[in-house]
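For reference, the chains in residue letters:
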Amino acid sequence: MIDKPIETVMRESKRNILIPADLVATVNQDNNLQHVFMVLTKVRYAKIPVLDNDNHFKGLVSLPMITELMLQDTGITSRPLESVKVKQIMQKDVPTIYERDNLEAIMRYLVDENFLVFVDSDNHFKGIITRRELFKEINFLAHNFNKHYIALPVYNHKSTSETKKAKVQGTKGIINR
């Protein structure tokens, strides 16, 4: 659970960590991989959301998924890309989020992923939350926390002499006086 003071300061930022769907490159599940390869190359993304005709989120497709099909015993060829549909190779077991305010879940998923897909309760694609946007919020927190809170060290069950010694020696070269 995120400590309340940290969550409060992060929510105070007026920035929206959600990149709306109309600004995100996507592909349709019925597109062939040649189209997807061109889109990924043009937008310089490694992975993008896959949608159906009704804007429902279906999965993700990535460059490695496509290039795997291009590798043949005789070399590299793009011929298989013309006949294979996105829905045949896309990753379907993708974590999504539909509560924008759930910072803890967002942070947990973005440890391992570059972005997190945001959907509504009907699985309509609403946008993505990127690790980059979250880091901007953490940067805001780092620069604004002391405007609202005073951080005091928490002392466990250390003796007074251990506490004084820790203050003088500091942690990792930082002297706490």
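Values in this document were obtained by computation on a predicted structure and should not be read as measured data. (Residues numbered from 1 in each chain as written. Predicted model: local features only at pLDDT ≥ 70, side-chain atom pairs only at ≥ 80, totals over all residues. Heavy atoms only, no water.)

A. Highlighting the overall build of the protein chain. Secondary structure assignment for the protein chain yields 8 helices and 9 strands. Classification of the 177 residues of the protein chain by burial places 31% in the buried group. Sequence separation of at least 24 residues holds for 56% of the intrachain contacts in the protein chain that already meet a minimum separation of 6. In the structure as shown, the protein chain presents an accessible area of about 12,000 Å², 52% of it carried by carbon and sulfur atoms. (Helix = DSSP H or I, 4+ residues; strand = E, 2+ residues; numbered from the N terminus. Buried < 20%, exposed > 50% of the residue type's maximum accessible area, 1.4 Å probe, protein only. Contact = heavy atoms within 4.5 Å. Areas by Shrake-Rupley, 256 points an atom, 1.4 Å probe, with all protein chains shown as cover.)

B. Focus on the packing of helix 2 (residues 33-43) against helix 3 (residues 63-70). In contact at an axis separation of 10 Å, helix 2 and helix 3 are set at 130° when each is read in the N-to-C sense. What the angle tells us is that helix 2 and helix 3 run oblique. Between helix 2 and helix 3 the crossing geometry is left-handed. Across the interface between the two elements, Leu-33, Val-36, Phe-37 and Leu-40 from helix 2 touch Leu-63, Ile-66, Thr-67, Leu-69 and Met-70 from helix 3. (Axes fitted to C-alpha atoms, helices over the stretch in contact; angles between N-to-C directions. Parallel < 35°, antiparallel > 145°, perpendicular 65-115°, else oblique. Left-handed = near helix turned anticlockwise from the far one by under 90°.)

C. Spatial organisation of the packing of helix 1 (residues 4-12) against helix 7 (residues 131-144). The contact between helix 1 and helix 7 brings their axes to 9 Å, and the two run at 110°. By the angle between their directions, the pair helix 1 and helix 7 is classed as roughly perpendicular. For the crossing formed where helix 1 meets helix 7, the hand is right-handed. In this structure, helix 1 contributes Ile-6, Val-9, Met-10 and Glu-12 to the contact, and helix 7 contributes Leu-134, Glu-137, Ile-138, Phe-140, Leu-141 and Asn-144. Looking at the contact of helix 1 with helix 7 residue by residue, the class counts come to 7 nonpolar, 1 polar and 2 charged. (Nonpolar A, V, L, I, M, F, W, Y, C, P; charged D, E, K, R; others polar.)

D. Inspection of the packing of aromatic side chains at higher detail. Within the structure shown, the criterion is met by 0 aromatic pairs. Directly above the aromatic system of Tyr-109 lies the positively charged group of Arg-108, at a separation of 5.9 Å from the ring centroid. (Phe/Tyr/Trp six-rings, centres within 6.5 Å; stacked < 30°, edge-to-face > 60°. Lys NZ or Arg CZ within 6 Å of the ring centre and 35° of its normal.)

E. Fine view of the pairing of strand 9 (residues 125-130). Judged by how many residues are buried, strand 9 sits mostly within the fold: 5 of 6 residues are covered. With 3 bridges joining them, strand 1 (residues 18-20) and strand 9 adopt antiparallel strand pairing. In the sheet register, Pro-20 faces strand 9, and the bridge partner there is Gly-127. Note that strand 8 (residues 115-119) and strand 9 share 5 bridges and pair antiparallel. What sits directly across from Phe-118, in strand 9, is Gly-127. (Pairing = 2+ DSSP bridges.)

F. Spatial organisation of the sheet that holds strand 9. Taken together, 4 strands build an open sheet; the order of strands is 1-9-8-7 and the sheet is mixed. This sheet does not close on itself; its edge strands, each paired only once, are strand 1 and strand 7 (96-97). Bridge count between strand 7 and strand 8: 2 bridges; the pairing is parallel. When the sheet's bridge partners are listed, Thr-96 is paired in strand 8 with Val-117. Across the sheet, helix 7 is in contact with strand 1 and strand 9; its angle to strand 9 comes to roughly 60°.

G. The arrangement of unusual backbone geometry in detail. One non-glycine residue, Arg-44, lies in the positive phi region at around 60°. Note on placement: Arg-44 falls in the loop between helix 2 and strand 3 (47-51). Relative accessible area serves as the criterion here: at 75%, Arg-44 is assigned to the exposed category. Positive phi, normally seen in glycine, also occurs at Asn-55, with a value near 70°. Mapping Asn-55 onto the fold places it in the loop between strand 3 and strand 4 (57-62).

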